[in-house]
Each structure stands twice: as structure tokens, then as C-alpha cells.
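Each chain, written out:
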Amino acid sequence: MQKPLRKDIQPGTEVSIVQKHHQRSGELTEGTVKRVLTKSPSHPHGIKVELTSGEVGRVQSIV
């Protein structure tokens, strides 16, 4: 499945992310984007973001 592109993710977007320590299990965390950390337009593992809760991970889908 195609991961969302950077242009589709802005602060305030509801997303599901996978945190670094959950990459093997694939456990997802849902939240609201606070900051977009990836500068490139796309990334094979997902765009890295920081959620309002402070958690950092790569976007797997937009909720």
C-alpha cells in the first residue's frame, strides 16, 4: 500500500504512525500531527512526524 505523501500531511491532520520501537511489531499509534519532520516529498517507510502528544513516528495512513 502506498504511504501518504508529505503534501497530504499538515499540522492538525489525524494520522496513524508506527514508532521506531514498534517497527517490527507494526503497532500503530493514532494522533494529531504537530510537526512534519521529513523534508523530502516522500519516503519509502513513511513521512516522519511529531504528534501533539510528543510521540515521533512514520505515517502509515491518514485517519
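The paragraphs below set out a description of the structure included in this document.

Basis of the calculations
The written sequence of each chain sets the order in which its residues are numbered from 1. Totals for whole chains, interfaces and linings use all residues, but because this is a predicted model, local features are given only for residues with pLDDT of at least 70 and pairs of side-chain atoms are given and counted only at 80 or more. Each side-chain value is derived from all of the structure's non-hydrogen atoms; neither hydrogens nor water enter the calculation. Elements are defined by DSSP. Helices are runs of H or I of four residues or more, strands are runs of E of two residues or more, and each kind is numbered from the N terminus. Per-residue accessibility, obtained with a 1.4 Å probe over protein chains only, is compared with the maximum for each type, and a residue is labelled buried under 20%, exposed over 50%, and partly exposed between these values. What makes two residues a contact is simply this: any of their non-hydrogen atoms within 4.5 Å. Polar contact is the term for a pair of N or O atoms within 3.5 Å; when the atoms are in protein, one must be able to donate a hydrogen and the other to accept it, and sequence-neighboring residues count only if both atoms are side-chain atoms. Strand pairing is defined by DSSP finding a minimum of two bridges between the two strands. Should a side-chain nitrogen of Lys or Arg be within 4 Å of a carboxyl oxygen of Asp or Glu, the pair is scored as a salt bridge.

This part is about the environment of lysine 20. Summarising the element assignment, lysine 20 is placed in the loop between β1 (14-18) and β2 (28-36). With a relative accessible area of 68%, lysine 20 lands in the exposed category. C-alpha separation for the pair lysine 20 and valine 56, spaced 36 residues apart in sequence, amounts to 8.1 Å.

Counting through the fold element by element, glutamate 55 comes out in the loop between β3 (48-51) and β4 (56-62). Glutamate 55 sits in the partly exposed class, given a relative accessible area of 28%. In this structure the C-alpha to C-alpha distance between glutamate 55 and lysine 7, which are 48 residues apart in sequence, comes to 21 Å. Ignoring anything within four residues of it in the chain, the contact list for glutamate 55 reads Gln19, Thr29, Val49 and Glu50. At 3.5 Å, the side chain of glutamate 55 and the side chain of glutamine 19 are in polar contact.

As a further point, take the side chain of glutamine 19. Here glutamine 19 lies in the loop between β1 and β2. Assessed through its relative accessible area of 10%, glutamine 19 is described here as buried. In terms of polar contacts, glutamine 19 uses its side chain to reach the side chain of threonine 29, at 3.0 Å. Sequence-distant contacts of glutamine 19, defined by excluding residues within four places in its chain, comprise Thr29, Glu55, Val56 and Gly57.

Bridge count for β1 against β2 is five bridges, and the pairing is antiparallel. Pairing of glutamate 14 across the sheet is with threonine 32, part of β2. Note that β2 and β3 share three bridges and pair antiparallel. Among the inter-strand pairings, valine 33 is bridged to a residue of β3, identified as leucine 51.

To continue, consider the pattern of salt bridges. Taken as a whole and assessed by the stated rule, the structure comprises three salt bridges. The partner of glutamate 50 in a salt bridge is arginine 35, and the shortest N-O contact between them spans 2.7 Å. Pair noted here: glutamate 50 is in strand β3 and arginine 35 is in strand β2, with a separation of 15 residues, a long-range link. Connected through shared salt-bridge partners, Lys34, Arg35 and Glu50 make up one network.

Fair warning: the whole summary comes from geometry, so function is off the table for now.
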